[in-house]
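Structural overview for review
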Amino acid sequence: MDWMAWTWPTAIFFMVIASLLIIFTVLAIKFPETPRMGILRIDTTRGDRLFITLLGSAFINIAWLGLVGTNQPYAMIVCLIYAAAVFRWV
Amino acid sequence: MEKTVNQKAWFLVLPVLVLVAFSAVIPLMTVVNYSVQDTFGNNQFFWAGLEWFKEMLDSERMWNALGRQLMFSGIILLIEVPLGVFVALNMPKSGFWSSFCLVLMSLPLLIPWNVVGTIWQIFGRVDIGLLGYTLDALGIDYNYTQDTVAAWITIVVMDVWHWTSLVALLAYAGLKSIPDAYYQAAKIDQASRWKVFRYIELPKMMGVLMIAILLRFMDSFMIYTEPFVVTGGGPGNATTLLSIDLVKMALGQFDLGPAAAFSLMYFLVILLISWVFYTVMINLEKREG
């Protein structure tokens, strides 16, 4: 796989996403749920909220990079707060 | 009768999963991988971190391309959607002419992108193209290779020519699904033509129109071939839309890192907009019932 020039950070990034998907799949099988309506006025399940969290986090990171430009790890704190808010209210 | 639960059938989709992983998932992962590295050729890569993302976010070139892209998508949606609905409203509802119109409308949709580009490239030429020659003969200063406005008008009209049919056909399908009873009720109430459109036809068409808008937005946001064949992104950078700029960067200059970072952000925007449209569409359907 050397010719594809994989790096550990990329690998970890995808492993985190893959394990999140696996965890949420297992959760959905073990504890089935009914969609609920939150502040966006749309029906969401846990999986939908995960998608909204991941997509939003990508934009938060890009915005942080573009507007702040330094201390990128702090953007992850914003993402975690955002994730908690999404899972609580969306 | 109680149904037996058997999840083994899921294994039947495995070949598809492998195929999708090979053709889409792993290539996407490769792009992420390239976006954090730098290369000087010879397949040697060096860690660059978020440098390329930062460079792209600060790059005026990318923001300009994004601006042009949004303007292009906005203009074609503003023209194609109302025009498509207008055409659909005026199409014959049944009989020979209805089929004739349907076939006629489908024709532009069947032509490959680069052929459409070539048709308009020649059509607009002042020396040998019918449109260019006629405009020139009428004394109108039209030259899409040198004039920004002419270039924009050409690619917008070309897109309208190519894709309005799609909106019209979808709107037509939506109109056909309205039961006669609605029109009869409107007649009894002596509703005006406008009110019939506003309160019966438009709400009933909403679902398919959303699909039409989504399809047209996505297609126009990712458009490459047609404007590339006609203007090549010029004059200057006047019609360099996002994907044209991306290809220039990735293949022309072989800047893999910046191009990868650029395409990931491009991908995120498309993902976000598709999700919004999809959610709105699903909720519209639910509300209708």
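Residues numbered from 1 in each chain as written. Chains lettered and ligands numbered in written order. Predicted model: local features only at pLDDT ≥ 70, side-chain atom pairs only at ≥ 80, totals over all residues. Heavy atoms only, no water.

A few words now on the packing of helix α3 (residues 60-90) of chain B against helix α9 (residues 193-221) of chain B. All names here are of chain B. Contact geometry of α3 with α9 gives a least axis separation of 9 Å together with a crossing angle of 145°. At the point where α3 passes α9, the crossing takes the right-handed sense. Here Leu66, Gln69, Leu70, Phe72, Ser73, Ile76, Leu77, Glu80, Val81, Val85 and Leu89 of α3 come into contact with α9, specifically with Arg193, Phe197, Glu201, Met205, Leu209, Ile213, Arg216, Phe217, Ser220 and Phe221. (Axes fitted to C-alpha atoms, helices over the stretch in contact; angles between N-to-C directions. Helix = DSSP H or I, 4+ residues; strand = E, 2+ residues; numbered from the N terminus. Left-handed = near helix turned anticlockwise from the far one by under 90°. Contact = heavy atoms within 4.5 Å.)

Residue-level contacts link 23 residues of chain A with 24 residues of chain B. Here chain A and chain B share an interface that buries about 2,000 Å² over both sides, 79% of which is from carbon and sulfur atoms. The largest per-residue losses of area from chain A upon contact with chain B belong to A:Leu55, A:Ile62 and A:Leu65, which jointly make up 24% of the total buried on that side. Inspection of the region where chain A meets chain B yields zero salt bridges. The interface formed by chain A and chain B includes six residue pairs in polar contact (both at pLDDT 80 or more). (Buried area = accessible area lost by both parts, 1.4 Å probe. Salt bridge = Lys/Arg side-chain N within 4 Å of Asp/Glu carboxyl O. Polar contact = N/O pair within 3.5 Å; in protein donor to acceptor, adjacent residues only side chain to side chain.)

Residue and element names in this part refer to chain B. Tallying each qualifying case throughout the model produces 19 aromatic pairs over all chains. Summarising the aromatic geometry, the rings of Phe217 and Phe277 are spaced 6.3 Å apart at their centres and angled 40° between planes, so their arrangement reads as tilted. Taken together, the positions of Phe217 in helix α9 and Phe277 in helix α12 (residues 256-288) put the pair 60 residues apart, joining distant regions of the chain. Exposure class is identical for Phe217 and Phe277. Each is buried. In this structure, Arg198 is placed above the aromatic ring of Tyr199, and the distance from its NZ or CZ to the ring centre is 4.9 Å. (Phe/Tyr/Trp six-rings, centres within 6.5 Å; stacked < 30°, edge-to-face > 60°. Buried < 20%, exposed > 50% of the residue type's maximum accessible area, 1.4 Å probe, protein only. Lys NZ or Arg CZ within 6 Å of the ring centre and 35° of its normal.)

As a note on interpretation, predicted positions should not be read in detail where pLDDT is low. Chain-level pLDDT for chain B is 89 on average; 98% of the residues reach the 70-or-more range. Two summary scores accompany this predicted model of the complex, namely pTM at 0.83 and ipTM at 0.90. (pLDDT = per-residue confidence, 0-100.)

This next bit is on the nonpolar core. Judged by nonpolar contacts, the single largest core of 54 residues is most densely connected at B:Phe53, B:Met56, B:Met205, B:Phe221, B:Leu242, B:Phe262 and B:Met265. Every element with two or more residues in this core is listed here: α2 (46-67) of chain A together with α2 (51-58), α3, α7 (148-176), α9, α11 (242-252) and α12 of chain B. For this core, the element with the most residues is α12(B), which contributes twelve residues. When neighbours within four sequence positions are excluded, B:Met56 is seen to be in contact with B:Met62, B:Trp63, B:Met249, B:Pro258, B:Ala261, B:Phe262 and B:Met265. (Core = buried A, V, L, I, M, F, W, Y, C linked by side-chain atoms within 4.5 Å.)

In this model, A:Arg41 sits at a positive phi of 60°, which is unusual for a non-glycine residue. Inspection of the secondary structure assignment puts A:Arg41 in the loop between β1 (36-37) and β2 (43-44). If you check the backbone angles, B:Gln190 has positive phi at about 55° while not being a glycine. Along the polypeptide, B:Gln190 turns up in the loop between α8 (180-188) and α9. Residue B:Gln190 is classed as exposed on the basis of its relative accessible area, which comes to 71%.

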